[in-house]
Amino acid sequence: MKHIKLYILTLFAAATLISSCKKDFLDRPPLSQITTDNFYKSAADLRLATAALYAQPWSDWNNFPLLGIGDILSGNMLQPYNADLAQLTSFAVTSNNGQIGTSWRCFYKIVAHCNTNIKAINTRAADSIPLKNKNGALGELKFLRATAYFHLAQLWGAVPIIEDNDKLIKEPLLPRHRLADVYRFIVNDLRFAAATLPTRDQTGRVTTWSAQGMLAKVYLTKAGLGGSRNQSDLDSAAFYAKNVINTSGLTLLPSYYNLFRTQFNDNSESLFAFQWAPGVGYGNGNAIQTQFAPSSSVVPPGGGWGGAIGPTFDLDSLYTPQDSIRRKATFMLTGDHYPELNAAGGGYTATSCSVKKHIVGTAIDNNAPTMDIWSSTEHNAILRLADVYLVYVEALLGNNSSTSDAEALRVFNMIRKRAGVDPVTTITTELLRNERRIELAFEGQYWFDLVRLSYYNPQGAITLLSNQISKNTRVQFTYDPATGKKTRNTSGIVITPPTIATFTLPIPATEITADPKLLDPPVAYY
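In this report, we go over the structure that sits alongside the text. Note that the structure is a prediction, hence the values are computed from the model and not measured. (Residues numbered from 1 in each chain as written. Predicted model: local features only at pLDDT ≥ 70, side-chain atom pairs only at ≥ 80, totals over all residues. Heavy atoms only, no water.)

**Side note on the overall build of the protein chain**
What counts here: Numbering of helices and strands runs from the N terminus, with a helix taken as a DSSP run of H or I at least four residues long and a strand as a DSSP run of E at least two residues long. Note that the radius of gyration is over C-alpha atoms, with the globule rule given as 2.2 Å times the number of residues to the power 0.38. Three exposure classes are used, based on accessible area relative to the maximum for each residue type with a 1.4 Å probe and protein chains only: buried under 20%, partly exposed in between, and exposed over 50%. We call two residues in contact whenever any of their non-hydrogen atoms come within 4.5 Å of each other. Note that accessible areas follow from Shrake-Rupley with a 1.4 Å probe, and for residues the cover is restricted to the protein chains shown. Just so you know, the count uses Lys and Arg for positive and Asp and Glu for negative, and it drops His and the chain ends. Charge positions come from single atoms, namely NZ of Lys, CZ of Arg, CG of Asp or CD of Glu.
Each helix and strand in the protein chain was counted, giving 21 helices and twelve strands. Here the protein chain has a C-alpha radius of gyration of 22 Å; the compact-globule value for 526 residues is 24 Å, and the two agree. Judged by the C-alpha coordinates and their principal axes, the protein chain covers about 70 × 55 × 50 Å. Every one of the 526 residues in the protein chain was classed for burial, and the buried ones make up 60%. In the protein chain, of all internal contacts separated by at least 6 residues, the share reaching a separation of at least 24 is 72%. About 19100 Å² of surface is accessible on the protein chain, with carbon and sulfur atoms providing 54% of the total. Positive and negative charge centroids in the protein chain, built from 48 and 42 side chains respectively, lie 2 Å apart.

**Here's the deal with the nonpolar core**
Here is the rule we go by: Only buried residues count toward a nonpolar core, which is a set of Ala, Val, Leu, Ile, Met, Phe, Trp, Tyr and Cys residues joined through side-chain atoms within 4.5 Å.
Among the nonpolar cores identified, the biggest contains 148 residues, and Y149, W156, I186, F272 and W447 are the most heavily contacted of them. In terms of residue count, the dominant contributor to this core is helix α8 (residues 131-156) (13 residues). Every residue in contact with W447, bar those within four places of it in the chain, is listed here: I69, G70, L73, S74, L155, L465, T502 and F503.

**Examining the packing of α8 against helix α19 (residues 446-456)**
To characterise two packed helices, one gives the angle between the axes of the helices and the distance between these axes. This is how it is decided: Only the stretch in contact is used when fitting a helix axis, every axis being a line fitted to C-alpha atoms; angles between N-to-C directions are given from 0 to 180 degrees. Every angle not falling under 35 degrees, over 145, or within 65 to 115 is termed oblique; those three ranges are roughly parallel, roughly antiparallel and roughly perpendicular. By the definition used in this description, the sense in which the near helix is turned from the far one sets the handedness, with an anticlockwise turn below a right angle giving left-handed and a clockwise turn giving right-handed.
Two numbers describe how α8 lies on α19: the axes approach to 10 Å, and their chain directions differ by 60°. Relative to α19, α8 is oriented oblique. Crossing geometry of α8 relative to α19 is assigned as left-handed. Side by side, α8 and α19 meet where H151, A153, Q154 and L155 of the first sit next to W447, F448, V451 and Y455 of the second.

**Description of the state of the cysteines**
Under the convention used in this document: Disulfide assignment relies on a single distance test, namely cysteine sulfur atoms paired within 2.5 Å.
Tallied over the entire structure, the rule returns zero disulfides. With no disulfide of its own, C106 lies closest to C114 among cysteine sulfurs, the gap being 11 Å. Exposure remark for C106: the relative accessible area of 1% places this residue in the buried category.

**Digging into the pattern of salt bridges**
What counts here: We count a salt bridge whenever a side-chain nitrogen from Lys or Arg sits within 4 Å of a carboxyl oxygen from Asp or Glu.
Within this structure, the stated rule accounts for 29 salt bridges. When the shortest N-O distance is used, the salt bridge between E435 and R326 registers 2.8 Å. With a gap of 109 residues between them, E435 in helix α18 (residues 429-439) and R326 in helix α15 (residues 324-330) connect regions that are remote in the sequence. Neither E435 nor R326 differs from the other in exposure class; each is buried. The residue R436 makes a salt bridge to D449 at a minimum N-O spacing of 2.9 Å. A residue pair is termed long-range when its members are at least 10 positions apart, and R436 in helix α18 and D449 in helix α19 qualify at 13 residues. Grouping residues by exposure puts R436 and D449 together as buried. Here the salt bridges share partners, and the residues they tie into one network are E269, D323, R326, K357, R384, R416, R418, E435, E439 and E443.

**As for the layout of surface pockets**
Applied cut-off: Using a grid of 1 Å spacing that covers the protein atoms alone, one calls a set of points a cavity when a 1.4 Å probe fits there but cannot get out, and a pocket when the set is open and has protein on both sides within 12 Å along at least five of seven lines; lining residues are those with an atom within 4 Å of a point. Grid points are joined across faces, edges and corners, and a volume is the space filled by probe spheres set on the points. Each residue is assigned to one class: nonpolar for Ala, Val, Leu, Ile, Met, Phe, Trp, Tyr, Cys and Pro, charged for Asp, Glu, Lys and Arg, and polar for all the others, Gly among them.
Considering only enclosed or pocket space, the largest pocket measures out at about 330 Å³ in volume. Lining the largest pocket are 18 residues, with R229, T429, R433, L453 and Y456 positioned closest to its centre. Breaking the lining of the largest pocket down by element, the ones donating at least two residues are α16 (385-397), α18 and α19. Residue classes in the lining of the largest pocket are distributed as five nonpolar, seven polar and six charged.

**Details of unusual backbone geometry**
Backbone geometry at N342 places phi at a positive 55°, although glycine is not the residue there. By the element assignment, N342 lies in the loop between β5 (337-338) and β6 (348-349). Residue class for N342 comes out partly exposed when judged on its relative accessible area of 22%. Non-glycine residue N367 carries a positive phi angle of around 50°. Within the secondary structure layout, N367 lies in the loop between β7 (354-355) and β8 (381-384).

**Quick notes on the environment of A55**
Following the sequence through the fold, A55 ends up in the loop between α3 (43-51) and α4 (59-62). Looking at A55, the relative accessible area reads 5%, which means it is buried. Sequence separation between A55 and L155 is 100 residues, and the spatial gap between their C-alpha atoms is 21 Å. Setting aside its immediate chain neighbours within four residues, A55 contacts Q275 and W276.

**Here we look at the environment of Q322**
Here Q322 is to be found in the loop between α14 (313-316) and α15. On the basis of relative accessible area, Q322 is assigned to the partly exposed category, the value being 34%. As a C-alpha pair, Q322 and D422 span 100 residues in sequence and 8.3 Å in three-dimensional space. In this structure, Q322 is in contact with A419, G420, V421 and D422, ignoring residues within four places of it in sequence.

**Quick look at helix α6 (residues 83-90)**
Convention followed: Any pair of N or O atoms that falls within 3.5 Å is considered a polar contact. Within protein, one atom must be able to donate a hydrogen and the other to accept it, and sequence-neighbouring residues count only if both atoms are side-chain atoms.
In terms of residue burial, α6 counts as a mostly covered element, since six of its eight residues are buried. Structurally, α6 contributes buried residues whose contacts are with α5 (65-72), β1 (77-78) and α7 (98-124). The N-cap residue of α6 is N82: its side-chain oxygen and the backbone nitrogen of D84 are 3.0 Å apart. F91 lies just past α6 and shows a positive phi near 60°.

**Overview of the packing of aromatic side chains**
Aromatic rings in a pair are described by how distant their centres are and how their planes are angled relative to each other. Stated formally: Each pair of aromatic rings taken from Phe, Tyr and Trp, with Trp reduced to its six-membered ring, is defined by centres within 6.5 Å and is described as stacked if the planes are under 30 degrees apart, edge-to-face if over 60, and tilted in the remaining cases.
What the rule picks out here adds up to 27 aromatic pairs. Residues F39 and Y40 carry aromatic rings whose centres are separated by 5.3 Å and whose planes lie at 75° to one another, so their mutual orientation is edge-to-face. Among the residues examined, F39 registers a relative accessible area of 6% and is labelled buried. Residue classification places Y40 among the buried positions, given a relative accessible area of 0%.

**Some details on the pairing of strand β11 (residues 477-480)**
Spelled out, the test is: Paired strands are those between which DSSP finds at least two bridges.
In terms of strand pairing, β11 meets strand β12 (residues 485-488) through four bridges, oriented antiparallel. What sits directly across from Y479, in β12, is K486. Between the antiparallel neighbours β11 and β12 lie four residues, among them G484 with a positive phi of about 75°.

**Side note on the packing of α19 against helix α20 (residues 458-470)**
Their axes nearest at 5 Å, the elements α19 and α20 cross at an angle of 140°. For the element pair α19 / α20, the angle class is oblique. Between α19 and α20, the contacting residues are Y446, W447, L450, L453, S454 and Y456 on the first element and P458, G460, A461, L464 and L465 on the second. Residue classes in the contact of α19 with α20 are distributed as nine nonpolar, two polar and no charged.

Right under this line is the structure:
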């Protein structure tokens, strides 16, 4: 695995020097001064070591594949011109797809950095550092490693488990490990994190509630591995989600729209968010809005390349007129006005149906003078409380087709009330799936929901994607604000009928060339 091996040769390749308003969190010493012999001498050193992994190492996933795979592949949005993204739309993804290769390498880079730090803390950290601080740092690292592996498992299924970088250097040819073992590894890391992380920490850092929320989601996903959902895993998902909901003291942000404005970064609903800083240069920051914004007028100079990207008719059809708050916060319809974007110029009025979520505006809009096209100041959440609420509801629903459970309804209707949508008295599997899709649209989540479904109901997952083709809804559309009429576009993309194989991405060709054992049947890790 040549590409992975390259990432582990430097202790802190992730620790690029960047400047931030959170100087005690993101600032770090020059790389030339950091070695395992002169670092890890104090609790402050451990905080610097873990801080390095909240942003830059995730940039290759964040800046395009997060939405490309999570929302384009799933049918929430469409990009008809980029060759790699067109493959995602057409279900014709090859092992040479650039987005796939970038994502694989990104996640293993994160794993490698976590492994390096975990081993250094266990073997090199000064004895004078209190055990609480050591375990807290290890908890952060294991949370981040587990999150990377959770992505790998959902995207590629059986993948290599790498726990010790030194062993990889000695033996770079690794087999894939059984998917059940990968999930076991993820659970072990998250259980450690849940037990060692504090209930409160510096803004932006993960806590025990972050770990427990992620555990709930992992248990919910792995419940279906056997072909039907395991009740014990469903119970575990419900247990951890309920604990976060009822014990953490965290609450939903009152305004859904404000969730995606930088003034509300790291709000009470955010359980894990990337900690991006402005002015950090190419490859080190959050470039989502540069890639997906529909106009250069709403981003720093040089950006705004997303004019061809927009929501699908399939996604739009789920929104009722009452659900206007979430719709307008997620995507623009022609004629929508956004006063906070290019505020100095009078705001922005959409000229097409385009992406809104993650489009936060110019440097002036965000009071961030150093912000550029490569470094939006949005701390986009990867896990937020509303997601955990809906995980809890799904765990309570379990293997049933509907539920009127009072606790499930209470939590479910809290999400709907915040969105300005009427409460319900019964929750069906379809209603829950659509609620998740609307609530988390353009946050890279819907593909993972479909993968979770494919574990225990493969035909159901296939049918959902097939319906987008047969009903001609996996297309973009135009909107006439004068008449309210929506007209579907003709994309010209020939879409391959999905199969169960569609839900497992191909291993990148470069990785197979470097490690042919990746083509062998997976083996046991434990």
